[in-house]
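Working through the structure, step by step
The chain contents come next:
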Amino acid sequence: MTTQPSQNLDKTPETLITVNSSLSLSQMGCGTWAWGNRFLWGYDQTMDKSLQQVFNLAVSRGVILFDTGDSYGTGTLKGRSETLLGQFTDEYDGPNKDDICIATKLAAYPWRWTRQSMVNAGKASAQRLGRNIDLVQMHWPTANYFPWQEWPLLDGLGDLSEQGLVKGVGLSNYGPKRLKQIVKRFAERDIPIVTLQIQYSLLSTYPVTELGVKEVCDELGIKLIAYSPLALGLLTGKYEEKGKLPQGFRGLFFRQMLPKIRPLLQGLEEIATLRQKTMAQVAINWCMCKGFIPIPGAKNYQQMEQNLGAMGWRLSEGEVMELDNLTEKVEKQMVQNPFQTP
């Protein structure tokens, strides 16, 4: 079922979330993992015009947060997502142009082990973007396998902030225990951690329900960002057990998952039908009701338009509880990010 998104989506002061004096985010963002990724998402450069349409539509409707990473893009296309975002930002001339926020995650590659390596990485990203990073983030922790590497890299993020090269510092894939340690260390330099990005969806609630990350972030004043809010597409309603599935790894994974999440998908579809929304819009809205900024991806104009339809309304408390109950009963949740810390 396809529905028209709400037309009242232009940016107003109420739809922006201020995280510090110089940085504001939108209630929903756009993830750009697919922009350059051939392996999982089938990217090729003929898609660039469609991606630019996605960008233009998003910004014009008040979605000004674009999440990327310096590792995004496979093989020779590494950094492609940042390059495209830089190009699109430069060429865009419409509403909310001055509010565009580019959030880049810097990878904890094994050859990056000094604080200067992270400063250099941030400068390289800025060169691809054609502008400074707005929100710089540590892409993943190394505490689980190379604990000695992590503090120098985190200190490098702080250096980017102190040198005025970024507007804010965030983290990704951290749990509450490690998060508290980092916040304390950064506080000694008077640098707040403003965001935490985690895998979160109706099929991935572990960091909240098991680790308690939401309560800690609320206490520390850290805004939560939800990546993969549609669980790689499983929650869109686009795929059926006996229907056509994506090629490659996603198809194999979906074949395993779909039978195990049938009751959740049925419940999601019922609410979507009553609401005259799509299943994807309901799943994204659920994330917002939970206090997250979801960053669903989009590869074409139609997908972005559908994502926009998740804004401008809100699920009832009863609907949220119904989805919560269905989520608790699914036989199998999404595989958790292996870098996620306690």
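Residues numbered from 1 in each chain as written. Predicted model: local features only at pLDDT ≥ 70, side-chain atom pairs only at ≥ 80, totals over all residues. Heavy atoms only, no water.

1. Describing the sheet that holds strand S9 (residues 223–227)
In a beta sheet, neighbouring strands pair by backbone hydrogen bonds and run either parallel or antiparallel. The sheet built from 8 strands is open, its strands ordered S3-S4-S5-S6-S7-S8-S9-S10 with parallel pairing. Whereas interior strands pair on both sides, the edge strands pair on one side only; in this sheet they are strand S3 (29–31) and strand S10 (292–294). Averaged over all pairs of adjacent strands, the angle between their axes in this sheet comes to 25°, without regard to strand direction. As paired strands, strand S4 (residues 65–69) and strand S5 (residues 101–106) are joined by 5 bridges and run parallel to one another. Across the sheet, the residue bridging to Thr68 is Thr104, located in S5. (Pairing = 2+ DSSP bridges. Helix = DSSP H or I, 4+ residues; strand = E, 2+ residues; numbered from the N terminus. Axes fitted to C-alpha atoms, helices over the stretch in contact; angles between N-to-C directions.)

2. Some points on the packing of helix H3 (residues 80–91) against helix H4 (residues 115–129)
Packed helices, taken two at a time, are described by their axes: the angle between them and the distance between them. H4 packs onto H3 with a crossing angle of 45° between their chain directions and a minimal axis gap of 7 Å. With respect to their mutual orientation, H3 and H4 come out oblique. Facing Glu82, Thr83, Leu85 and Gly86 of H3, the residues of H4 in contact are Ser125, Arg128 and Leu129. Of the residues that constitute the contact of H3 with H4, the class distribution is 2 nonpolar, 3 polar and 2 charged. (Parallel < 35°, antiparallel > 145°, perpendicular 65-115°, else oblique. Contact = heavy atoms within 4.5 Å. Nonpolar A, V, L, I, M, F, W, Y, C, P; charged D, E, K, R; others polar.)

3. What to know about helix H9 (residues 248–257)
Arg250, Gly251, Phe253, Phe254 and Met257 are the residues of H9 that are buried. Buried residues along H9 cover an arc of 170° about the axis, so they all sit on one side. Along H9, the residues that are exposed and aim more than 90 degrees away from the buried face are Leu252 and Arg255. (Buried < 20%, exposed > 50% of the residue type's maximum accessible area, 1.4 Å probe, protein only. Arc of directions from axis to C-beta.)

4. Considering the pairing of S5
Taken across its 6 residues, S5 has 6 buried, putting it largely inside the fold. Taking every second residue as pointing to the same face, both faces of S5 are buried, with Cys101, Ala103 and Lys105 on one and Ile102, Thr104 and Leu106 on the other. Two elements, S5 and strand S6 (residues 135–138), share 4 bridges in a ladder whose sense is parallel. When the bridges of S6 are listed, Thr104 appears paired with Val136. Regarding topology, H4 serves as the crossover connection from S5 to the parallel S6, and that connection is right-handed. (Right-handed = clockwise from strand over helix to strand, strands pointing away.)

5. A closer look at the packing of aromatic side chains
Enumeration according to the criterion identifies 14 aromatic pairs in this entry. Measuring from centroid to centroid gives 5.2 Å for Trp140 and Phe339, while their planes differ by 15°, and the two rings are stacked. Linking Trp140 in the loop between S6 and helix H5 (147–162) with Phe339 in the segment after helix H13 (317–329), this pair joins segments that are 199 residues apart in sequence. Look at Trp140 and you get buried, because its relative accessible area is 13%. Between the aromatic rings of Phe146 and Trp148, the centroid separation amounts to 5.5 Å while the plane-to-plane angle is 45°, which identifies the pairing as tilted. Above the ring of Trp151, the side-chain terminus of Arg185 is found at 4.2 Å from the ring centroid. (Phe/Tyr/Trp six-rings, centres within 6.5 Å; stacked < 30°, edge-to-face > 60°. Lys NZ or Arg CZ within 6 Å of the ring centre and 35° of its normal.)

6. Digging into the packing of H5 against helix H6 (residues 176–187)
For the pair H5 and H6, the least separation of the axes is 11 Å and the interaxial angle reads 50°. The pairing of H5 with H6 is recorded here as oblique in orientation. Crossing handedness for the pair H5 and H6: right-handed. Across the interface between the two elements, Glu150, Trp151, Leu154, Asp155, Leu157 and Gly158 of H5 pack against Arg178, Gln181, Ile182, Arg185 and Phe186 of H6. Of the residues contributing to the contact of H5 with H6, the split by class is 5 nonpolar, 2 polar and 4 charged. (Left-handed = near helix turned anticlockwise from the far one by under 90°.)

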